[in-house]
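These are the residues of each chain, in order.
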Amino acid sequence: MTERLGLLWSIAYGALGLMGKALMLAMLLAAPLRAETVTIAALGDSLTQGYGLVQEEGFVPQLQGWLAARGHAVTMINAGVSGDTTAGGLARIGWTLSPDVDALIVALGGNDLLRGLPPEASRANLEGILQAAKAAGVPVLLVGMEAPGNYGPEFKAAFDAIYPELAAQYGALHAASFLGPLTDAAVADPRAALASYMQADGIHPNAEGVGLIVTALGPLVEQLIVSLPQS
């Protein structure tokens, strides 16, 4: 599995320079905390669902705790389904975007890669999800995946382009990779991330690994919250 995913779908984080990070931090510090509770749905697969972990150690509970510790009144909805593909996410998006959902995190595509599904199909499904969110007036954080090299350079180029291109097209926030923070934390020896931050299956992060992911994605989720209109 680790070989097929190309060592945790290696990422290209660091798109923000020091000035960009400073500007983002200033915006977040300047923005007043919302008085009302914000509801955020996390649409994904087993990585979102928290496979192999006790409930409080999963991505959604840890993210809610991280946001609460920073003063945000947030209710997180865990819309992760183990084994789900982008097609499954598209099939569920209608009822996931219930009237009380204010923002959406989309983290799908890993199972598409495992099954070698055509990149154009994954793109169409993710675009359908973003279209539904746009129609509902719900801002999105799109969390990407990076294809391994064993599918060939054309496949990799087509798949890797999906997330940044759709995020730009639909005005969504974009994170390069869900699992990328794990390899970032073990940059001197990326394979050490498997032993330190992954469960025994080599596919799913352990509780410590989830904590690193939450720390990396949390500021982008804060940007989602800041972008919402005050009622």
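Sequence order as written defines the numbering, with residues in each chain counted from 1. Local features are withheld for residues below a pLDDT of 70 in this predicted model, meaning they are given only at 70 or higher, and side-chain atom pairs are given and counted only at 80 or more; totals for whole chains, interfaces and linings count all residues. Side-chain metrics in this entry use all non-hydrogen atoms of the structure; hydrogen atoms and water are not considered.

A word on the overall build of the protein. When you go through the protein residue by residue, the secondary structure sums to twelve helices and five strands. Contact criterion: two residues are considered in contact whenever any of their non-hydrogen atoms come within 4.5 Å of each other. Relative to all contacts within the protein whose residues are 6 or more apart in sequence, the contacts with residues 24 or more apart total 81%. Comment: elements are numbered from the N terminus, with helices defined as DSSP H or I runs of at least four residues and strands as E runs of at least two.

With that settled, consider helix α12 (residues 207–227). An α-helical turn contains 3.6 residues, so a residue and the one three or four places further along point in the same direction. In a helix, the anticipated span is given by 1.5 Å times the number of residues less one. With 21 residues, α12 extends 29 Å from end C-alpha to end C-alpha; this agrees with the ideal 30 Å at 1.5 Å per step. Summary of the burial criterion: residues with accessible area below 20% of their type's maximum are buried, those above 50% are exposed, and those between are partly exposed, where the area comes from a 1.4 Å probe applied to protein chains only. What α12 keeps buried is the set Gly 209, Val 210, Gly 211, Ile 213, Val 214, Leu 217, Gly 218, Leu 220, Val 221, Glu 222, Leu 224 and Ile 225.

Running from N to C, helix α7 (residues 119–136) and helix α8 (residues 153–160) point in directions that differ by 5°, and their axes come no closer than 9 Å. Comparing their axes, α8 and α7 come out roughly parallel. Counted together, Pro 119, Ser 122 and Arg 123 of α7 and Phe 155, Ala 158 and Phe 159 of α8 form the full contact between these two elements. Taken together, the residues that form the contact of α7 with α8 break down as four nonpolar, one polar and one charged. To define axes, lines are fitted to C-alpha atoms, for helices over the stretch in contact only, and angles between the resulting N-to-C directions are given on a 0 to 180 degree scale. Angle categories are assigned with fixed cut-offs, so that under 35 degrees is roughly parallel, over 145 is roughly antiparallel, 65 to 115 is roughly perpendicular, and the rest are oblique. Under the scheme applied here, ten amino acids are nonpolar (Ala, Val, Leu, Ile, Met, Phe, Trp, Tyr, Cys and Pro), four are charged (Asp, Glu, Lys and Arg), and all others, including Gly, are polar.

Moving on, we come to the pairing of strand β3 (residues 103–107). Within a regular strand, the side chains alternate between the two sheet faces. For β3, the tally of buried residues reaches five of five residues, placing the bulk of the element in the interior. Burial of β3 is two-sided: the residues Ala 103, Ile 105 and Ala 107 facing one way and the residues Leu 104 and Val 106 facing the other way are all buried. Only strands joined by at least two bridges in the DSSP assignment are considered to pair. When strand β1 (residues 38–44) meets β3, the two strands line up parallel, connected through five bridges. Paired with Ala 41 across the two strands is Leu 104, which belongs to β3. With three bridges joining them, β3 and strand β4 (residues 140–143) adopt parallel strand pairing. Residue pairing in the sheet places Val 106 in a bridge with Leu 142 of β4.

So, on to the sheet that holds strand β5 (residues 173–175). Pairing is parallel across the open sheet formed by five strands, whose spatial order is β2-β1-β3-β4-β5. Two strands lie at the open edges of the sheet, namely β2 (74–80) and β5, each paired on one side alone. In this sheet, neighbouring strand axes are inclined to one another by 15° on average, regardless of whether the strands run parallel or antiparallel.

Let us look at the pattern of salt bridges. Two side chains carrying opposite charge are able to pair once their charged atoms lie near each other. The salt bridge definition used is simple: a Lys or Arg side-chain nitrogen within 4 Å of an Asp or Glu carboxyl oxygen. Here the structure, examined in full by the defined rule, presents five salt bridges. With a closest N to O distance of 3.8 Å, Lys 156 and Glu 146 form a salt bridge. With Lys 156 in helix α8 and Glu 146 in the loop between β4 and α8, this residue pair connects regions lying ten residues apart in the sequence. A residue is classified by how much of its surface remains accessible, and Lys 156, at 25% relative accessible area, is partly exposed.

Of note, Asn 125 is situated in helix α7. In contact with Asn 125, not counting residues within four places along its chain, are Thr 86, Ala 87 and Leu 90.

Moving on to the packing of aromatic side chains. Any Phe, Tyr or Trp ring, taking Trp's six-membered ring, that has another such ring centre within 6.5 Å forms a pair; planes under 30 degrees apart are called stacked, those over 60 apart edge-to-face, and the others tilted. Enumeration over the complete set of coordinates arrives at four aromatic pairs. Aromatic side chains Phe 155 and Phe 159 sit 6.3 Å apart centroid to centroid with 5° between the ring planes, which places their arrangement in the stacked category. Taken together, the positions of Phe 155 and Phe 159, both in helix α8 and four residues apart, correspond to about one turn of that helix. Linked through ring pairs, Tyr 151, Phe 155, Phe 159 and Tyr 163 together constitute an aromatic cluster.

Moving on to the confidence of the model for the protein. A score from 0 to 100, pLDDT tells how confident the predictor is in each residue. Summing up the model confidence of the protein, the mean pLDDT is 86 and the portion of residues at 70 or higher is 82%. Below a pLDDT of 50 lies the segment residues 1–32, which in the model reaches 65 contacts outside its immediate sequence neighbourhood of four places, other chains included.

Another aspect to go through is the nonpolar core. Here is a general trend for soluble globular proteins: nonpolar side chains tend to be buried in one another's company. We define the nonpolar core as a collection of buried residues of types Ala, Val, Leu, Ile, Met, Phe, Trp, Tyr and Cys that are connected through side-chain atoms lying within 4.5 Å of one another. One finds Ile 40, Phe 59, Met 76, Leu 104, Ile 105, Leu 126 and Phe 178 to be the most contacted residues of the largest nonpolar core, which totals 59 residues. The leading source of residues in this core is α12, at eight residues. Discounting chain neighbours no more than four positions away, the residues touching Phe 59 are Leu 47, Thr 48, Phe 178, Val 210, Ile 213, Val 214 and Leu 217.

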